[in-house]
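Residue-level listing of the chains:
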Amino acid sequence: MKIRRFSAIALLSLTPLGQTYAGWHIINFDAESGDRQAEFGSGNSIEGGMIKPKYDNTHERLFFIVQGGALKCKVHTEEGRNLAWIVYDDTEPETLNTTRPPGWEQFEYSAPLVIRARLTNLTSGSNGTPARGGILVGLSDSGPDASGLLFAIENSPSGSAEDDYLRLYSFKDGDLGSELDSSIPFSFGSSTSPYFLQLTLSSSGSAIAYKLELFSDASIPGSGSDQNRLLSSSFQTATPVASIGGNLNDLYSKGFVGLLFESEPGSLTSGEIDIDSFFISADPMTQ
């Protein structure tokens, strides 16, 4: 079966920190066989109170997997809390690995950094029960005890009520920590309404500023998971549905990047996050 990996307009550019080369990479989650995590890598999930790591879909329960052109994570049971995250560290994107292959250290990023993801679904499956999805940065490792920061969107399915938020959390030892920032409430709308989530980290001297923005699908030219949409200049001019911003001070210097899904007790098995494209850039020209 054919496996499509890279856009014709994008090349994988990954270099260790400290080098001046800047690069960007687009992932479109359309793998048909082989690496069913479609280039990402280390997965971790809470099951029965324990964090269990896996690699390339080798674990059978709560996990991220590529299916139908999207990177998905579904609620595993109708009881208890669900938490899973996947860390970008795959040096062998077309190989189904049982363990993390060598060379993963090159995926450590500092600032400037731009990350964009197109979300086509985010829900707990239950009205009034929040589900969170988002971007992890500054992870100390890609293992189950990693610490860093989570930039999240929170959706509480309840129709048109303004009870949804963008939030910044600490992430410590593989779990959400304290809330550090929050947007004003807004209405996410339908759990299957597509949105673009953009995180921008910029440096000025020793200070690192952050901006997390949520854009409606209609505000970015094109349609669907077309990879060219992730390169649109409209990300600099479109009006976000919601945003937060500030300075990270000593909370961030460098680390690994990941994606996370979390739902609270009461979620139903229809709870899910779907991400159909992903962009990461260390090139300041993309800001």
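Thresholds applied
- Position labels on residues start from 1 in each chain and follow its written sequence.
- Local features in this predicted model are restricted to residues of pLDDT 70 or higher, and side-chain atom pairs are both shown and tallied only at a pLDDT of 80 or more, whereas totals for entire chains, interfaces and linings draw on every residue.
- The side-chain figures draw on all heavy atoms in the structure; neither hydrogens nor water molecules are used.
- Working definition: helices are DSSP H or I runs of at least four residues, strands are E runs of at least two. Numbering for both runs from the N terminus.
- Categorising residues by exposure relies on relative accessible area from a 1.4 Å probe, with only protein chains included: less than 20% of the type maximum marks a residue as buried, more than 50% marks it as exposed, and the intermediate range marks it as partly exposed.
- Any two residues whose heavy atoms approach within 4.5 Å at even a single point are treated as in contact.
- All accessible areas in this document rest on Shrake-Rupley with a 1.4 Å probe, and a residue is counted as covered only by the protein chains that are shown.
- Paired strands are those between which DSSP finds at least two bridges.
- We define a salt bridge as a side-chain nitrogen of Lys or Arg found within 4 Å of a carboxyl oxygen belonging to Asp or Glu.
- Here a polar contact is taken to be a pair of N or O atoms separated by no more than 3.5 Å, where protein atoms must pair a possible hydrogen donor with a possible acceptor and residues adjacent in sequence count only if both atoms sit in side chains.
- Stacked, edge-to-face and tilted labels apply to pairs of Phe, Tyr and Trp rings (six-membered ring for Trp) whose centres lie within 6.5 Å, assigned for plane angles under 30 degrees, over 60, and everything in between, in that order.

A.B. asks: Pulling in residues and values, what's your account of the overall build of the protein?
C.D. replies: For the protein, the helix and strand inventory stands at 1 helix and 16 strands. Counting the 287 residues in the protein, one finds 53% classified as buried. By sequence separation, contacts in the protein at least 24 residues apart represent 68% of the contacts at least 6 residues apart. Of the accessible surface of the protein, which amounts to about 11600 Å², a share of 49% is contributed by carbon and sulfur atoms.

A.B. asks: Give me the lowdown on the pairing of strand S5 (residues 70-74), citing residues and values where you can.
C.D. replies: Buried residues dominate S5, accounting for 4 of its 5 residues. The pairing of strand S4 (residues 64-67) with S5 spans 4 bridges and is antiparallel. Paired with Gln67 across the strands is Ala70, a residue of S5. Between the antiparallel neighbours S4 and S5 lie 2 residues, among them Gly68 with a positive phi of about 60°. Pairing of S5 with strand S16 (residues 272-281) involves 4 bridges; the strand directions are antiparallel. Counterpart to Cys73 in the pairing with S16 is Ile273.

A.B. asks: Go over the pattern of salt bridges, please, and point to the residues and values.
C.D. replies: Counted under the stated rule, the structure contains 13 salt bridges. Among the salt bridges present, the one from Arg132 reaches Glu264, with a minimum N-O distance of 2.9 Å. With a gap of 132 residues between them, Arg132 in strand S8 (residues 131-139) and Glu264 in the loop between strand S15 (256-263) and S16 connect regions that are remote in the sequence. A residue is classified by how much of its surface remains accessible, and Glu264, at 25% relative accessible area, is partly exposed. A single salt-bridge network, built from bridges that share partners, covers Arg81, Arg132, Glu154, Arg167, Asp175, Glu179, Glu262 and Glu264.

A.B. asks: Hey, could you go over the side chain of Ser281 for me, with residue numbers and the actual values?
C.D. replies: Note that Ser281 resides in strand S16. The class for Ser281 is buried, based on a relative accessible area of 1%. In this structure the side chain of Ser281 is engaged in a polar contact, spanning 3.0 Å, whose partner is the backbone nitrogen of Asp283.

A.B. asks: Could you give an account of the side chain of Asn44, with specific residues and numbers?
C.D. replies: The residue Asn44 is located in strand S2 (residues 41-47) in this model. Among the polar contacts listed, one links the side chain of Asn44 to the backbone oxygen of Ser142, at a separation of 3.4 Å. Setting aside anything within four residues of it in sequence, one finds Asn44 in contact with Ile51, Lys52, Pro53, Leu83, Ala84, Trp85, Val87, Ser142, Gly143 and Pro144.

A.B. asks: Outline the packing of aromatic side chains, listing residues and values.
C.D. replies: The full count for this structure, using the stated rule, is 12 aromatic pairs. On the numbers, 5.3 Å between centres and 80° between planes, the contact of Trp85 with Phe171 is edge-to-face. Within this pair, whereas Trp85 is found in strand S6 (residues 82-88), its partner Phe171 is found in strand S10 (residues 165-172), the two being separated by 86 residues in sequence. As far as burial versus exposure is concerned, Trp85 and Phe171 are alike and both buried.

A.B. asks: Would you mind going over unusual backbone geometry in detail, with residue names and values included?
C.D. replies: A negative phi angle characterises most non-glycine residues, just as the trans form characterises most peptide bonds. In this structure, Pro112 follows Ala111 across a cis peptide bond, with omega equal to 10°. Phi angles above zero are rare outside glycine, and Glu39 is one such case at about 85°. Inspection of the secondary structure puts Glu39 in the loop between strand S1 (24-28) and S2. The exposure class assigned to Glu39 is buried, which follows from its relative accessible area of 3%. Even without being a glycine, Asn249 presents a positive backbone phi close to 50°. On the secondary structure map, Asn249 appears in the loop between strand S14 (242-247) and S15.

A.B. asks: Talk me through the pairing of strand S13 (residues 207-216); I want residue IDs and the actual numbers.
C.D. replies: Of the strand pairs in this sheet, strand S12 (residues 195-204) and S13 are connected by 10 bridges, and their pairing is antiparallel. Paired with Ser203 across the two strands is Ile208, which belongs to S13. Connecting S12 to the antiparallel partner S13 that follows it, the hairpin turn spans 2 residues, and Gly205 within it adopts a positive phi of roughly 65°. Here 6 bridges tie S13 to S14, and the two strands are oriented antiparallel to one another. Its bridge partner being in S14, Ala209 is matched across the sheet by Asn247.

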